[in-house]
Amino acid sequence: MAIEQELLQAMNLLSQGKEEGFNTFYSYTYNFVYSRAKLIMKNEEDALDLTQETFIQAYKGIHSLEDANNVYAWLGSIVYRQGMRIFRKKKELLVNDEGEGI
């Protein structure tokens, strides 16, 4: 499935560190990222945190995207990895030093 030309241009600008590229990238992909985050987190606040974290990681790692046509799969994997990281952090907070649940 080919992605829209405007999104391709935005990803190119984003990889050059240009803010307008990020803004367009964000507007094209926000609904996809948020819906995945909501499925994983089941909580509005956590889903919004995960969405934000996903876009930070996408911004930092845009150079790792080898094929722009796979942008949604790439974003989906970031959402999943970051979601699991958040779950691990929450689990650690719920267990004290002796490994007993608080």
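Above: the structure in question.
Residues numbered from 1 in each chain as written. Predicted model: local features only at pLDDT ≥ 70, side-chain atom pairs only at ≥ 80, totals over all residues. Heavy atoms only, no water.

**Description of the nonpolar core**
Counting residues in each nonpolar core, the largest one holds 23 residues, and the members touching the most others are Met11, Phe25, Val71, Trp74 and Leu75. Contacts of Met11, omitting those with residues within four sequence positions, involve Ile3, Phe25, Ile62, Leu65, Ala68 and Val71. (Core = buried A, V, L, I, M, F, W, Y, C linked by side-chain atoms within 4.5 Å. Buried < 20%, exposed > 50% of the residue type's maximum accessible area, 1.4 Å probe, protein only. Contact = heavy atoms within 4.5 Å.)

**Quick word on the environment of Ser35**
Structurally, Ser35 can be placed in helix H2 (residues 19-41). Of the residues examined, Ser35 reaches a relative accessible area of 29% and is grouped as partly exposed. When the C-alpha atoms of Ser35 and Ala47 are compared, they prove to be 8.4 Å apart, with twelve residues separating the residues in sequence. (Helix = DSSP H or I, 4+ residues; strand = E, 2+ residues; numbered from the N terminus.)

**A look at the packing of aromatic side chains**
A full pass over the atoms with the stated rule returns eight aromatic pairs. Measuring from centroid to centroid gives 6.3 Å for Phe25 and Phe55, while their planes differ by 85°, and the two rings are edge-to-face. Of this pair, Phe25 sits in helix H2 while Phe55 sits in helix H3 (residues 44-61); the two residues are 30 residues apart in sequence, bridging distant segments of the chain. For the pair shown, Phe25 and Phe55 are each scored as buried. Centre to centre, the rings of Tyr30 and Tyr34 are 5.9 Å apart; their planes meet at 5°, and the pair counts as stacked. Of this pair, Tyr30 and Tyr34 both sit in helix H2, four residues apart, which is roughly one turn of that helix. Of the residues examined, Tyr30 reaches a relative accessible area of 23% and is grouped as partly exposed. (Phe/Tyr/Trp six-rings, centres within 6.5 Å; stacked < 30°, edge-to-face > 60°.)

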